[in-house]
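Below are the chains, spelled out letter by letter.
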Amino acid sequence: MPTRRRAVLILAALLLLALASFWAALAAGSIPIAAADVLAAVLGQDAPGADIVRQLRLPRALAGFACGGLLALAGALMQVLLRNPLADPYILGISGGAGVGALFAIMVGLPVLGIDGLAFTGALGAMLLVFGLAHGDGSWTQTRLLLTGVIVAAGCGALISLMLAIAPEDRLRGMLFWLTGDLGQAASPWPPTLALAVALVLAMPFARELNLLARGLLQAQALGVAVNRLRFAIFLLASLATAASVTTAGSIGFIGLVVPHLVRLVSGNDQRLLLPASALAGGALLMLADTLARTLIAPQQLPVGVLTALIGVPAFLFLLSRQPR
Amino acid sequence: MSPPLLSARKLRVDIGGRCVVRSLDLDVADGRRIAVLGRNGAGKSTLLATLAGLRPPVGGSVLLGGDDAATLRPREAARRRAWLGQAQADPFGSTVLETALTGRHPHLGRWDWESRHDARIARDALAAVGLAGLEARQVHTLSGGERQRLAIATLLTQAPPLYLLDEPLAHLDLNHQMATLELFSGAARQCGAGIVMVLHDPALAHRYCDQALLLHGDGRTELGSVDAVLTGERLHELYGYPLRQFDDGGHRCFLPA
């Protein structure tokens with residue numbers, strides 16, 4: 001049983017980690033900026049490189065934190081909703097729907113706002129489609145939900161392949177970057193940041209009920225959880241969180257699946273700790289990965305989705321091998 | 001006078017469109033123990049889930065402590081009855097103590113964390129089912145019988161006035177079967193708890209219950225005192241296999257003929 005004190009300690013440690021990644025994201029780049037100047041720039045004072053920090057790196061770091069947090073939170077929620085450790089935020093077709101919208105917008109040459117708008121529309125469309133089909137006969141079982149989501153995702157995947165095949169050459173690079181996920185395309189960091197704050201505030205009051213839901217639907221209901229209402233709310237919340245992240249930065253892989261597991265290995269499976277800890281760890285990891293993506297072979301930029309996988313996979317395997325069985 | 005812990009009025013239960021209980025009237029008063037017997041697929045589990053308010057009845061009504069289970073809020077229902085289901089795997093790991101503590105959920109506020117008091121209740125419940133010392137073990141390392149006892153400990157942690165037990169003896173060895181039946185009989189005697197349990201052994205049902213409910217699986221039900229209902233003749237009809245009945249100083253046992 002994690003005590004409240006232990007939870008606070010773990011969250012404080014993760015907060016420090018997030019701050020360290022934040023500082024690295026602001027300081028590192030093709031023009032390195034000293035720590036004192038970064039601090040001055042964030043506080044709004046005049047310093048060498050203040051404009052770079054404030055106008056380029058700060059919004060990007062913030063967007064990275066918000067998207068990482070949203071994905072990890074959505075992943076943790078999906079894993080409970082489907083009672084399946086292999087679930088991730090994209091498993092129910094949200095990113096597929098967003099991808100269809102975004103790639104269509106890029107293919108026909110819409111501006112950034114058009115891409116974001118169509119991506120969000122596509123995500124909502126996929127969400128409603130999955131919900132409508134899975135809920136059709138009122139049974140709303142995990143298997144039915146999962147199968148419907150996987151099929152909708154597969155359909156979206158086919159449409160994406162089709163568009164990649166017929167798109168003009170000069171648009172292909174942009175489409176591929178969107179698909180692997182790229183924070184450079186983030187228009188504004190504030191919508192995902194706001195979405196992360198709202199999602200956490202909405203999810204936390206139900207954290208203990210989620211603990212019971214993970215153990216089985218009837219058991220949870222017998223212990224006093226309004227199961228159907230809760231599952232519907234979690235489905236909506238996780239889908240909207242995923243949509244907010246995917247709209248901002250494309251479908252960055254891996255964070256949503258692995259960060260909740262990383263946190264679980266350290267802190268156990270109590271959602272009261274797992275949800276905020278996942279949000280912090282996901283945000284920190286994505287900021288760090290994006291900083292590396294910008295700097296490793298600068299001036300060329302790598303898609304951040306590649307980096308999240310390259311950092312996360314060994315870290316995950318290491319923790320897994322240390323886990324006593 | 002307080003209302004009975006559980007009442008069913010003209011209750012009808014269907015499984016997949018087939019009627020298994022046509023019209024059941026049942027009252028469970030303080031300290032009463034009822035055994036439910038029937039063949040596989042006769043609707044015992046479905047009836048129990050309906051009595052717990054986990055499934056809506058097809059017809060009639062279920063009252064928990066005098067209030068209709070259909071309109072009772074889940075949290076309030078969880079303070080009035082506990083339900084032991086057939087075991088399900090937990091896809092994420094958790095420890096024995098964490099699992100037992102889930103029984104405290106209906107007693108805690110939205111922002112509360114389990115207190116020392118709750119932990120003591122859970123430890124006492126684990127000790128009562130013989131799992132003391134295993135608090136830190138991962139649940140998936142337990143045997144089937146140990147998991148069943150952990151599920152029973154979680155029910156004791158929930159501490160309701162009414163227990164609805166679906167095959168409480170599943171996976172248990174002989175001494176733990178007797179210990180479990182003694183445990184719930186003790187709760188009925190000392191705390192006035194009401195017990196409804198699905199049993200497969202008519203001799204144990206006769207020894208540890210006051211009333212027996214036979215489900216024939218075609219909608220017919222028989223409810224009465226164990227002495228009247230649990231006879232070789234009626235059980236022969238219930239199970240479709242001849243049974244010989246032996247009476248020995250208040251105890252009754254049955255042998256396949």
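Everything numeric here is computed off the predicted structure, so don't read it as measured data.

Definitions and cut-offs
- Residues numbered from 1 in each chain as written.
- Chains lettered and ligands numbered in written order.
- Predicted model: local features only at pLDDT ≥ 70, side-chain atom pairs only at ≥ 80, totals over all residues.
- Helix = DSSP H or I, 4+ residues; strand = E, 2+ residues; numbered from the N terminus.
- Rg over C-alpha atoms; globule rule 2.2 N^0.38 Å.
- Buried ≥ 20, exposed ≤ 12 C-beta atoms within 10 Å, placed from the backbone.
- Contact = placed C-beta atoms within 7 Å.
- Nonpolar A, V, L, I, M, F, W, Y, C, P; charged D, E, K, R; others polar.
- Pairing = 2+ DSSP bridges.
- Domains from an automatic or database assignment.
- Axes fitted to C-alpha atoms, helices over the stretch in contact; angles between N-to-C directions.
- Core = buried A, V, L, I, M, F, W, Y, C linked by C-beta atoms within 7 Å.
- pLDDT = per-residue confidence, 0-100.
- Parallel < 35°, antiparallel > 145°, perpendicular 65-115°, else oblique.
- Left-handed = near helix turned anticlockwise from the far one by under 90°.

A word on the overall build of chain B. Within chain B, the secondary structure is distributed over nine helices and twelve strands. For 257 residues, the compact-globule estimate of 2.2 N^0.38 gives 18 Å, and chain B sits close to it at 18 Å. Viewed in the frame of its principal axes, chain B has a C-alpha envelope of about 50 × 40 × 40 Å. Within chain B, the proportion of its 257 residues that are buried is 45%. Put simply, 64% of the contacts in chain B that link residues at least 6 apart link residues at least 24 apart.

Another point: the interface of chain B and chain A. With 25 residues of chain B at the contact, the number on the chain A side is 21 residues. Mapped by element, the contributors of at least two residues to the side of chain B that touches chain A are helix 2 (74–80) and helix 3 (96–101) of chain B. In terms of residue count, the dominant contributor to the side of chain B that touches chain A is helix 2 of chain B (four residues). Each residue belonging to the side of chain B that touches chain A can be placed in one class, and the counts come to 13 nonpolar, seven polar and five charged.

This paragraph deals with the pairing of strand 4 (residues 59–64) of chain B. All names here are of chain B. Pairing of strand 1 (residues 6–15) with strand 4 involves five bridges; the strand directions are antiparallel. Each bridged residue has a counterpart across the sheet, and for R9 the counterpart in strand 4 is S61. With two bridges connecting them, strand 4 and strand 5 (residues 67–68) associate as antiparallel partners. Looking at the pairing, L63 lines up with D68 of strand 5.

If you check the backbone angles, R83 of chain A has positive phi at about 45° while not being a glycine. If you check the backbone angles, H171 of chain B has positive phi at about 70° while not being a glycine. Within the secondary structure, H171 of chain B is located in the loop between strand 7 (162–165) and helix 6 (174–191).

Further remarks concern the environment of R80 of chain B. All names here are of chain B. Along the polypeptide, R80 turns up in helix 2. Separated by 39 residues in the primary sequence, R80 and A119 place their C-alpha atoms 21 Å from one another. Sequence-distant contacts of R80, that is, excluding residues within four places in its chain, are made with L64, G65, P160, P161 and L162.

Right, let's get into the domain arrangement of chain B. One widely used convention gives an interface's size as the accessible area the parts lose upon coming together. All names here are of chain B. Domain parsing of chain B yields domain 1 (6–81 + 161–256) and domain 2 (91–159). Each of domain 1 and domain 2 has a C-alpha centre, and the two are 25 Å apart. With twelve residues of domain 1 at the contact, the number on the domain 2 side is nine residues. For the side of domain 1 that touches domain 2, the elements supplying multiple residues, two or more each, are helix 2 and helix 6.

Residue and element names in this part refer to chain B. Here we have six strands laid out as an open sheet, ordered 6-7-8-3-9-10, and mixed in their pairing. Since the sheet does not close on itself, it has two edges, and those belong to strand 6 (82–84) and strand 10 (221–225), each with one partner. With direction set aside, neighbouring strand axes in the sheet form an average angle of 15°.

Residues and elements named next belong to chain A. Checked against the element boundaries, G250 lands in the loop between helix 11 (227–249) and helix 12 (255–267). By the C-beta count within 10 Å, which is 31 here, G250 ends up buried. In sequence terms G250 and F177 are 73 residues apart; their C-alpha atoms lie 8.0 Å from each other. Excluding residues within four positions of it along the chain, G250 makes contact with W178, L179, G181, D182 and Q185.

All names here are of chain B. Pairing is antiparallel across the open sheet formed by four strands, whose spatial order is 2-1-4-5. Only two strands of the sheet have a single neighbouring strand rather than two, namely strand 2 (18–28) and strand 5. The strands touched by helix 1 (residues 44–51) within the sheet are strand 1, strand 2 and strand 4, with strand 1 carrying the most contacts at an inclination of about 135°.

Grouped together as the largest cluster of nonpolar side chains are 182 residues, with contacts concentrated most on L70, L73, L77, A241 and A281 of chain A together with V36 and A212 of chain B. Considering each element in turn, this core owes the most residues, 17 residues, to helix 3 (residues 50–81) of chain A.

Attention shifts here to the confidence of the model for chain B. Taken residue by residue, chain B gives an average pLDDT of 94. The fraction at 70 or more is 100%. Here the complex is predicted with pTM 0.91, and the ipTM for its interfaces comes to 0.91.

This paragraph deals with the domain arrangement of chain A. All names here are of chain A. For chain A, the domain assignment lists domain 1 (88–186 + 212–251) and domain 2 (254–317). Relative to domain 2, the C-alpha centre of domain 1 lies at a distance of 20 Å. Contact residues are listed per partner, giving nine residues for domain 1 and eight residues for domain 2. Residue classes in the side of domain 1 that touches domain 2 are distributed as four nonpolar, three polar and two charged.

So, on to the packing of helix 4 (residues 94–107) of chain A against helix 6 (residues 142–166) of chain A. Residue and element names in this part refer to chain A. Where helix 4 meets helix 6, the closest approach of the two axes is 8 Å, and the angle between their N-to-C directions is 15°. When the axis of helix 4 is compared with that of helix 6, the two are roughly parallel. Seen from above, helix 4 lies across helix 6 with left-handed handedness. For the pair helix 4 and helix 6, the contacting residues are G96, G97, G99, V100, L103, F104 and M107 in the first and V152, A153, C156, G157, L159, I160 and M163 in the second. By residue class, the composition of the contact of helix 4 with helix 6 is ten nonpolar, four polar and no charged.

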